[in-house]
Amino acid sequence: MAKEFQVTYDCADPGAQAVFWAEALGYRVQPPPEGFPDWPSALTAWGVPPEKHNSRSAITDPDGKGPRVFFQKVPEGKTAKNRLHLDLRAAPGQTGDERMATLEVEATRLEKLGAQRLYRLDPDGVDEGIIVMADPEGNEFCLD
């Protein structure tokens, strides 16, 4: 039986990362518990000091199929290349020029949200082509 899992990111600004990745993945920022109009109201009611309100955030798949993604604030910055990264399947089933054009459109959309394009690998007969990007805090991911 498959296990349920979540993906956890260490970061400097959990709220901003949650907003970026929700847009990138078609997810939504996890809503506050029932009875609270927003997260600050819930956190304040639970006695969490305001300076800790952005210590974590999460996003969820609105269809309930994908894993929850959790963002937690850590004091240290990113220092090396990711050992694990996400591949955003932006052009499944597409090949050649059509595939790369679709990836370029998605790369442009994500750049407007704060991502950075790192490099493009064009199709070479073995690989279908990808665009490697970084999220607003420098975490690498691929448009595939």
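Data block above holds the structure.
Notes on the structure follow. The shown structure was predicted, so the numbers you read here are calculated from the model rather than taken from an experiment. (Residues numbered from 1 in each chain as written. Predicted model: local features only at pLDDT ≥ 70, side-chain atom pairs only at ≥ 80, totals over all residues. Heavy atoms only, no water.)

**Things to note about the layout of surface pockets**
Move 1: Its boundaries defined by the atoms lining it, the largest pocket holds a volume of some 450 Å³.
Move 2: Lining the largest pocket are 19 residues, with Tyr9, Asp10, Lys78, Asn82 and Asn139 positioned closest to its centre.
Move 3: Here the lining of the largest pocket is built from residues that sort into eight nonpolar, six polar and five charged.
Move 4: Roughly 330 Å³ of volume is contained in the second largest pocket.
Move 5: As for the second largest pocket, its lining consists of 18 residues, and the residues nearest its centre are Trp39, Leu43, His53, Arg56 and Ser57.
Move 6: Here the lining of the second largest pocket is built from residues that sort into nine nonpolar, six polar and three charged. (1 Å grid on protein atoms, 1.4 Å probe; cavity = no way out; pocket = protein on both sides within 12 Å on 5 of 7 lines; lining within 4 Å. Points joined across faces, edges and corners; volume = space filled by probe spheres on them. Nonpolar A, V, L, I, M, F, W, Y, C, P; charged D, E, K, R; others polar.)

**Side note on the sheet that holds strand 7 (residues 130–134)**
Move 1: With mixed pairing, four strands are arranged side by side in an open sheet as 5-8-7-6. Both edges of this open sheet fall to strand 5 (87–88) and strand 6 (116–121), since each of them pairs with a single strand only.
Move 2: Relative to strand 7, strand 6 runs antiparallel, the two being bridged by five bridges. Bridging from a neighbouring strand, leucine 121 pairs with isoleucine 130 of strand 7. (Pairing = 2+ DSSP bridges. Helix = DSSP H or I, 4+ residues; strand = E, 2+ residues; numbered from the N terminus.)

**Describing the sheet that holds strand 3 (residues 56–60)**
Move 1: Read from one edge of the open sheet, four strands run 1-4-3-2, paired in mixed fashion. Looking at the sheet topology across the chains shown, the edges are occupied by strand 1 (6–11) and strand 2 (28–29).
Move 2: Of the strands in this sheet, strand 1, strand 2, strand 3 and strand 4 (68–73) touch helix 1 (residues 14–25), which is tilted by about 10° from strand 3. (Contact = heavy atoms within 4.5 Å. Axes fitted to C-alpha atoms, helices over the stretch in contact; angles between N-to-C directions.)

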